[in-house]
Amino acid sequence: MDLWYISFVAALLGLAVGSFFNVLIYRVPRNMPISWPPSHCTQCGKSIRPRHNIPLLGWLLLRGKCANCQEKISIQYPLVELLCGVLGAASVWWVYGVYGSMPWYHLVAVFWLVLTIVPIATVDFKHQLIPDTTSLGGIAIGLILAFFNPQTTFLSSFLGAIIAGGSLFIFAQIMGRILGKAAMGFGDVKLLAALGAFMGWSHALAALVCASIVALLVILPWRFFKPSEEESFAFGPFIALMGPIFYLYGHQIMDFYWNYLQMP
Ligand SMILES: [Zn+2]
């Protein structure tokens, strides 16, 4: 069956992408280049053999230990890969469930929007940093897909990135003036620009509003119970989470809003 076959391919791609995200999650906060040096043991520095570098299987073959120095390899690596494999297959089912068909540009868009939540959530929550590969990469992919998606145009994708990113940038500047400190990182601006490139400015800004509401609902109780926690918080994961939701259901959510929630 087509759906099963495409899900299987998406799961394999997800495993591979997860393996790349492991590199991002480790290297981006440490300011290390992404492509150099090749994968190596963080303890003894020995490079990892190609067959041990296979997502998931490599870690199982090594039984979670470096082949050279026997240092334990964190279970986080295979877990991130497994999660991305599952999310890859799930994104195919999600697209099929919504559209009843599987146009490749929707598959690529949802695959990307769903999977990038993983590194954005991991890196941003810990380090208040969004990897450029996910935000700028998203802008590039969103613009390219707009060429092929008959429901949109390159211009609306381009304007989507500029208007969505630009609005958040201006908002962050104003908030910064009011609060007297940086309200938001430029990473959030680039990430919202990516959503704009995928779904147009109106859906991206609606996603931003929802992300803000959800972030407040999560952060306010957190502050209340743990007032001693550090002050800065990560907004990126909330924006990223809204990405696939507004890509797939943006029209319905906005129709619902205009029809039921607007005052007459
Ligand atoms: Zn080692």
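Rules behind the numbers
Residues numbered from 1 in each chain as written. Predicted model: local features only at pLDDT ≥ 70, side-chain atom pairs only at ≥ 80, totals over all residues. Heavy atoms only, no water. Domains from an automatic or database assignment. Contact = heavy atoms within 4.5 Å. Buried area = accessible area lost by both parts, 1.4 Å probe. Salt bridge = Lys/Arg side-chain N within 4 Å of Asp/Glu carboxyl O. Polar contact = N/O pair within 3.5 Å; in protein donor to acceptor, adjacent residues only side chain to side chain. Helix = DSSP H or I, 4+ residues; strand = E, 2+ residues; numbered from the N terminus. Axes fitted to C-alpha atoms, helices over the stretch in contact; angles between N-to-C directions. Parallel < 35°, antiparallel > 145°, perpendicular 65-115°, else oblique. Left-handed = near helix turned anticlockwise from the far one by under 90°. Nonpolar A, V, L, I, M, F, W, Y, C, P; charged D, E, K, R; others polar.

### Thoughts on the domain arrangement of the chain
Per the domain assignment, the segments of the chain are domain 1 (1-102) and domain 2 (118-264). Contacts between domain 1 and domain 2 engage 14 residues on the former and 14 residues on the latter. Together domain 1 and domain 2 conceal approximately 1200 Å² of surface at their shared face, both sides included; 84% is due to carbon and sulfur atoms. Of all residues in domain 1, the largest losses of buried area upon contact with domain 2 belong to I25, P29 and W94, amounting jointly to 38% of the total for that side. Where domain 1 touches domain 2, the interface holds 0 salt bridges. At the junction of domain 1 and domain 2, the tally comes to 1 residue pair in polar contact (both at pLDDT 80 or more). When residues of the side of domain 1 that touches domain 2 are traced back to their parent elements, those giving at least two are α1 (2-27) and α3 (76-99).

### Description of the packing of helix α8 (residues 186-199) against helix α9 (residues 201-225)
Axis separation between α8 and α9 bottoms out at 7 Å; the angle between their running directions is 135 degrees. Here α9 runs oblique to α8, going by the angle between their axes. Seen from above, α8 lies across α9 with right-handed handedness. The residues of α9 that touch α8, namely those facing L192, L195, G196 and M199, are W201, H203, A204, L205, A207 and L208. Of the residues that constitute the contact of α8 with α9, the class distribution is 8 nonpolar, 2 polar and no charged.

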